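Architecture and fold: a report
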Amino acid sequence: MNWTVVILEIVIMTIAFTAMILIPLVKNPVWWIHDYPQDIQEEYFKTHERVPSEFFSKTVLIKKGCALLVALLLMLALAKWAGAYNFWSAFALSYGIWLFIDWYDCFFLDWVLFANMKAVRLPGTEHMDKAYHQKRYHFVQSLWGMLIGLLPCLVGAAIYACIV
């Protein structure tokens, strides 16, 4: 495996992930309402129309499902580009990148940017500083992300192993 390519892939994927999250979030924070802590959602819904925000709602499942499909396709391309040679190397590469981005999302985007950027606060919740600084909520969400990431990484590695 080419480690220079792996590092380049991590950098590119991190930039792409950041853009994919922050651009819609800054333009319309309600787009990602399902990822806000429950107390922030409830405060928002006191003064705004309720939109689907439960994890198993149709809207959330479509958004997350599309993201998982894109992740699966990207994992195949990244494994090929980095020179993965079998199922385990493709899985290790793709899940390693997934973990890096999951932790980056939790420890930097959620704990630092999300907590401190006023532009991403839902209207009517700007005063909820403590709620926006909930580290435990985002850490638990990161753990779920680690678990969910197994699916596209395992499937991607299996498909890659069949192709290679």
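Summarised in this report is the structure supplied together with it. (Residues numbered from 1 in each chain as written. Predicted model: local features only at pLDDT ≥ 70, side-chain atom pairs only at ≥ 80, totals over all residues. Heavy atoms only, no water.)

**Concerning the overall build of the chain**
- Counting secondary structure elements, the chain contains 6 helices and 0 strands.
- Buried positions account for 40% of the 164 residues belonging to the chain.
- Residue pairs at least 24 apart in sequence account for 74% of intrachain contacts in the chain once pairs closer than 6 positions are excluded.
- Approximately 9400 Å² of the chain is accessible, and the part contributed by carbon and sulfur atoms is 74%.
- Put simply, the chain has 12 plus and 12 minus side-chain charges, and the middle of one group is 1 Å from the middle of the other. (Helix = DSSP H or I, 4+ residues; strand = E, 2+ residues; numbered from the N terminus. Buried < 20%, exposed > 50% of the residue type's maximum accessible area, 1.4 Å probe, protein only. Contact = heavy atoms within 4.5 Å. Areas by Shrake-Rupley, 256 points an atom, 1.4 Å probe, with all protein chains shown as cover. Lys, Arg positive; Asp, Glu negative; His and termini not counted. Charge placed at Lys NZ, Arg CZ, Asp CG, Glu CD.)

**Quick notes on the environment of Met128**
- With respect to the helices, strands and loops of the structure, Met128 is situated in the loop between helix 4 (87–116) and helix 5 (129–132).
- For Met128, a relative accessible area of 14% translates into the label buried.
- In sequence terms Met128 and Glu43 are 85 residues apart; their C-alpha atoms lie 9.1 Å from each other.
- In this structure Met128 touches Asp39, Ile40, Glu43 and Arg121, once residues within four positions along its chain are discounted.

**Points about the side chain of Ser142**
- Looking at the secondary structure, you find Ser142 in helix 6 (residues 135–163).
- With sequence-adjacent residues up to four places away left out, Ser142 is seen in contact with Asp102, Trp103 and Cys106.

**Some details on the packing of helix 3 (residues 58–82) against helix 4**
- Running from amino to carboxyl end, helix 3 crosses helix 4 at an angle of 125 degrees, the nearest separation of the two axes being 9 Å. Viewed along their axes, helix 3 and helix 4 adopt a mutual orientation that is oblique. Both helix 3 and helix 4 take part in a crossing whose hand is right-handed. Residues Leu68, Ala71, Met75, Leu78, Ala79 and Ala82 of helix 3 form the contact with helix 4, whose participating residues are Ala90, Leu93, Ser94, Ile97 and Trp98.
- Split into classes, the residues belonging to the contact of helix 3 with helix 4 amount to 10 nonpolar, 1 polar and no charged. (Axes fitted to C-alpha atoms, helices over the stretch in contact; angles between N-to-C directions. Parallel < 35°, antiparallel > 145°, perpendicular 65-115°, else oblique. Left-handed = near helix turned anticlockwise from the far one by under 90°. Nonpolar A, V, L, I, M, F, W, Y, C, P; charged D, E, K, R; others polar.)

**Considerations on the pattern of salt bridges**
- Taken as a whole and assessed by the stated rule, the structure comprises 4 salt bridges.
- With a closest N to O distance of 3.0 Å, Arg50 and Glu42 form a salt bridge.
- A relative accessible area of 45% means that Arg50 is categorised as partly exposed.
- Residues Asp129 and Lys118 are paired through a salt bridge, measuring 3.3 Å at the closest nitrogen-oxygen approach. Here the residue Asp129 occupies a position in helix 5, and Lys118 occupies one in the loop between helix 4 and helix 5, the gap between them amounting to 11 residues.
- Connected through shared salt-bridge partners, Lys118, Arg121 and Asp129 make up one network. (Salt bridge = Lys/Arg side-chain N within 4 Å of Asp/Glu carboxyl O.)

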